[in-house]
Every structure is written in structure tokens, then in C-alpha cells.
Amino acid sequence: MAGFSVQRYAPERSTFAKLTARDSVLRRLDWWLLLSALALSFIGSLLVWSATRNRTQLNQGDPYYFLIRHAMNTGIGFGLMIATIWLGHRTLRGAVPVLYGLSVVLILAVLTPLGATVNGAHAWIIIGGGFSLQPSEFTKITIILGMAMILASRVDAGDQLHPDHRTVMKSLGLAALPILIIMMMPDLGSVMVIVIIILGVLLASGASNRWVLGLIGAGVAGAVAVAALGLLDEYQINRFAAFANPNLDPAGVGYNTNQARIAIGSGGLTGTGLFKGSQTTGQFVPEQQTDFVFTVAGEELGFVGAGLILVLLGVVLWRACRIARETTELYGTVVAAGIIAWFGFQSFENIGMTLGIMPVAGLPLPFVSYGGSSMFAVWVAIGLLQSIRVQRPITA
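Reference entry: report on the structure contained in this document. All values reported here derive from a predicted model rather than from experimental measurement.

### Some details on the environment of Phe 284
So, step 1. Counting through the fold element by element, Phe 284 comes out in the loop between helix 14 (278-281) and helix 15 (294-326).
So, step 2. By relative accessible area, which is 38% here, Phe 284 ends up partly exposed.
So, step 3. With 25 residues separating them in the primary sequence, Phe 284 and Gln 259 have C-alpha atoms 6.6 Å apart.
So, step 4. Beyond its immediate stretch of four places on either side in the chain, Phe 284 contacts Arg 55, Tyr 255, Gln 259, Ser 278 and Gln 279.

Structure below.
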């Protein structure tokens with residue numbers, strides 16, 4: 001596979017014993033990756049705080065409400081990362097059937113009376129006490145792990161150089177069921193991310209390019225069919241209409257995008273200053289703590305602050321690419337590649353929709369946007385990347 005060099009590797013049971021004797025887990029962590037993710041979450045806490053401290057209809061009269069909860073979400077996510085490193089990506093490989101079954105049950109639960117609708121998408125489960133769960137965020141992880149397990153099984157065992165057609169079909173079948181359920185919600189944003197993850201996983205696995213080209217063609221045909229058959233909800237049609245023509249209804253469907261661009265454009269080079277943005281303080285941008293959090297950075301921190309977020313996201317992707325290249329097993333490479341595709345596309349889509357170059361899809365900005373499910377999922381992904389790096393075999 002172009003771009004990645006994968007050697008066959010049979011996992012050693014004594015890997016961690018050797019780590020204890022000759023090296024420490026802390027020294028083998030990718031600190032650039034970890035610190036960049038922490039910096040993004042810290043910046044996100046400031047942006048979320050600025051976006052919500054005056055919104056009494058949301059913060060229940062407490063200006064620190066969302067700041068505290070965002071910090072709690074980050075802390076829980078960090079704990080999940082540590083647990084993931086401790087368990088190891090190879091241990092989770094053996095638990096894929098259980099994790100996959102649990103994720104399917106959870107997304108099916110969204111379609112029952114337990115499910116709730118937020119911003120037009122029936123994609124949530126209300127837990128109570130102000131907490132909710134979006135199961136599709138965790139489905140991204142189980143699809144990555146499940147497809148990697150199937151695609152790499154015979155290659156890492158030395159039976160094949162690349163996954164054959166039957167293996168690829170099995171992996172696509174594993175991903176198809178969650179996609180169909182998520183489409184029924186409907187949550188097109190999550191479906192878009194999962195499709196990109198599938199393409200990234202197949203490319204990294206060394207599967208035939210015919211599969212990748214065929215999936216792209218099938219995706220285009222499916223999008224045309226969905227539109228022609230009228231399967232999209234009205235709010236989804238309106239979002240695409242506003243993307244195609246922002247001036248179509250500036251006070252209605254185009255309002256979010258127009259206000260987002262005004263906010264970012266008013267920031268200039270260095271911004272108006274934290275807590276001093278007129279668009280943010282005036283509450284002109286809807287969902288500014290979640291999907292449109294990048295507008296707070298653009299307005300109050302300016303080009304410099306917004307650029308810093310892009311640089312940090314770039315560092316996360318760069319380090320993930322290095323981990324994917326350096327691992328000696330196809331399974332680790334495929335897992336890392338799926339995470340790269342996920343983070344890369346979701347970041348591009350989120351920032352792109354605030355700039356008006358992508359349609360509004362309701363996707364959070366990784367590590368930055370407010371939201372427990374998203375924060376937990378991205379930190380588990382960081383744990384998987386760190387585990388792949390930590391568990392590289394130690395030569396004598």
C-alpha cells in the first residue's frame with residue numbers, strides 16, 4: 001500500500017514485560033500528539049465558556065455551567081484514554097464482537113422511545129440529570145476496530161500479502177448495518193464521517209483500488225437516489241439549499257452560515273479579544289458552543305487564534321500518520337488510518353461549514369466543541385494511537 005510500510009508481526013506476550021525492564025510507558029508515549037490534543041481541549045474550554053456565559057436560557061443562570069461540564073468531559077475522556085492504553089489495542093481486538101454488538105444495540109435504542117431529537121437529528125439517548133448520549137460517536141470506533149480486525153487477520157498471520165475480495169466484503173458487511181441504522185435516524189453527518197473512515201481503512205489495508213473506486217461510485221449514485229426519491233428530511237434539504245445559495249433565505253435556512261461568516265470575518269488578524277466579540281456576546285450565532293465553536297475563535301482570537309487551532313489539528317494528524325507508518329502490524333496501521341480519516345474529514349467539514357465552503361452537517365470540531373459523547377470518543381481514539389505506539393515490539 002502506497003505511503004505505509006507494513007511488516008508481518010506476531011504480537012509478543014512479553015512486550016510489556018520488556019517495557020518495564022528497559023523502558024517506561026511514559027517515555028514511549030507520543031507527547032506531541034498528547035499535548036496537542038490537550039491544548040485543543042483547553043482552547044475549546046475557553047471558547048465554549050465565551051459562547052455560553054451570557055446565554056442564560058442554556059446555562060441555567062450559571063456562567064460557568066458549560067465551562068465546568070466541558071472540563072469534566074475532557075477529564076473523563078482523558079481517563080478513557082489511559083484505560084485504552086492500559087488495555088491495549090490488541091486486547092480490544094479480541095473484544096470487537098462484544099463492542100460491535102453493544103454499539104448496534106445502542107444505536108437501535110435511539111429508534112425506540114428512549115431516543116430524542118436534537119437539531120432535527122433523532123440521534124440521542126437522554127440519560128437524565130442533563131446528560132445525553134450520542135451512540136453514533138462510539139460506532140465510529142467499533143467500525144474502525146472491526147474492519148481492521150477482519151482486514152488484517154490473515155495478513156498479520158502471514159497467510160496473505162493483502163486482503164482478498166472475500167475479506168473486504170466481510171468488512172464492508174460489518175460496516176453496512178450501523179450505517180443503515182444511522183441513516184434511519186437520520187444522521188447524515190455521522191454517515192458521511194463513517195463513509196470516509198471506510199475509504200481510509202480500505203486504502204491503508206492494501207485492498208484493491210477497485211473497491212475504493214467502486215465505493216466512491218456507489219456513494220455518488222446513492223446520494224443521487226436519496227435526493228431523487230425524496231428520502232431526505234426538510235431540514236436536510238434546506239441545509240444543502242443554503243450551502244448552494246447562501247442568499248436564498250438569509251433570515252431562515254441561511255442564517256447560521258451567514259452569521260458564522262460575519263463572526264469570523266470581524267475578527268481580523270488578532271481578534272476582538274476573548275469575551276469581547278459582538279457576534280458571540282450578542283448571541284447571533286446558533287449552536288456556537290457545539291457545531292459553530294470555531295466562529296468564537298475566528299471572532300475573538302482572530303486569524304492567529306484560529307490558525308493555532310488548525311496547526312494543533314495538523315500536529316495531531318501528523319503524529320497519527322507517523323504512528324501508522326511506524327507500526328509493524330497491519331492491524332495497527334489500519335486502526336490508525338481510520339482515526340486519521342475520521343479526524344481529518346470531521347475537522348475539515350466542521351471548519352468548512354463555518355466558512356461556507358461545506359454544507360452544514362451537525363458535526364463537532366474534535367476536542368474543541370462542547371459535547372460528552374464526541375469528547376469521550378476522540379480521547380479513546382487518542383488512546384488507541386498511543387497504544388499502537390507503546391506496544392511496538394522491542395528489539396533485543
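### Here's the deal with the nonpolar core
A general trend in soluble globular proteins is that nonpolar side chains are found buried together.
So, step 1. One finds Met 147 and Trp 342 to be the most contacted residues of the largest nonpolar core, which totals 93 residues.
So, step 2. Apart from residues lying up to four places away in sequence, Met 147 is in contact with Ser 171, Leu 172, Leu 174, Ala 175, Ile 198, Val 201 and Leu 202.
So, step 3. Membership of the second largest hydrophobic core comes to 6 residues, among which are Ala 263, Val 285, Met 353 and Val 360.

### Points about the packing of helix 15 against helix 16 (residues 330-355)
So, step 1. Viewed as axis vectors pointing N to C, helix 15 and helix 16 meet at an angle of 165 degrees, and their least axial separation amounts to 10 Å. It follows from the interaxial angle that helix 15 and helix 16 lie roughly antiparallel. Relative to helix 16, helix 15 is oriented so that their crossing is left-handed. Contacts between helix 15 and helix 16 involve Phe 294, Thr 295, Leu 310, Leu 313, Val 316, Leu 317, Ala 320, Cys 321 and Ala 324 from the first element and Thr 333, Ala 336, Ile 340, Phe 343, Gly 344, Ser 347, Asn 350, Ile 351 and Thr 354 from the second.
So, step 2. In the contact of helix 15 with helix 16, the residues fall into 12 nonpolar, 6 polar and no charged.

### Some details on helix 5 (residues 65-87)
So, step 1. In this model, helix 5 (23 residues) spans 33 Å end to end at C-alpha, consistent with the 33 Å of a helix rising 1.5 Å per residue.
So, step 2. Within helix 5 the residues assigned to the buried category are Tyr 65, Phe 66, Leu 67, Arg 69, His 70, Asn 73, Thr 74, Gly 77, Met 81, Thr 84 and Ile 85.
So, step 3. Downstream of helix 5 by one or two residues, Gly 88 has phi in the positive range, about 90 degrees.

### Focus: the packing of aromatic side chains
So, step 1. If you walk through the whole model with that rule in mind, you get 9 aromatic pairs.
So, step 2. Consider the rings of Tyr 65 and Phe 66, whose centres lie 5.2 Å apart with planes at 80 degrees: the pair is edge-to-face.
So, step 3. Since its relative accessible area comes to 7%, Phe 66 is described here as buried.
So, step 4. The ring centre of Tyr 331 lies 4.3 Å from the NZ or CZ of Arg 93, which sits over that ring.
So, step 5. The ring of Trp 318 carries Arg 319 above its face, with NZ or CZ at 4.6 Å from the centroid.

### A few points about unusual backbone geometry
So, step 1. Phi at Glu 287 is positive, roughly 50 degrees, even though this residue is not glycine.
So, step 2. Exposure remark for Glu 287: the relative accessible area of 28% places this residue in the partly exposed category.
So, step 3. The phi torsion at Phe 367 lies on the positive side, around 75 degrees, for a residue other than glycine.

### Some words on the environment of Trp 342
So, step 1. Mapped onto the elements of the fold, Trp 342 is located in helix 16.
So, step 2. Exposure remark for Trp 342: the relative accessible area of 1% places this residue in the buried category.
So, step 3. Put simply, Trp 342 and Ile 196 are 146 residues apart on the chain and 6.9 Å apart in space, counted from C-alpha to C-alpha.
So, step 4. For Trp 342, the residues in contact, after removing those within four places along its chain, are Glu 137, Lys 140, Ile 141, Ile 144, Val 193, Ile 197, Ala 377, Val 378 and Ala 381.

So, how was this worked out
- Residues numbered from 1 in each chain as written.
- Predicted model: local features only at pLDDT ≥ 70, side-chain atom pairs only at ≥ 80, totals over all residues.
- Heavy atoms only, no water.
- Helix = DSSP H or I, 4+ residues; strand = E, 2+ residues; numbered from the N terminus.
- Buried < 20%, exposed > 50% of the residue type's maximum accessible area, 1.4 Å probe, protein only.
- Contact = heavy atoms within 4.5 Å.
- Core = buried A, V, L, I, M, F, W, Y, C linked by side-chain atoms within 4.5 Å.
- Axes fitted to C-alpha atoms, helices over the stretch in contact; angles between N-to-C directions.
- Parallel < 35°, antiparallel > 145°, perpendicular 65-115°, else oblique.
- Left-handed = near helix turned anticlockwise from the far one by under 90°.
- Nonpolar A, V, L, I, M, F, W, Y, C, P; charged D, E, K, R; others polar.
- Expected span 1.5 Å × (residues − 1).
- Phe/Tyr/Trp six-rings, centres within 6.5 Å; stacked < 30°, edge-to-face > 60°.
- Lys NZ or Arg CZ within 6 Å of the ring centre and 35° of its normal.

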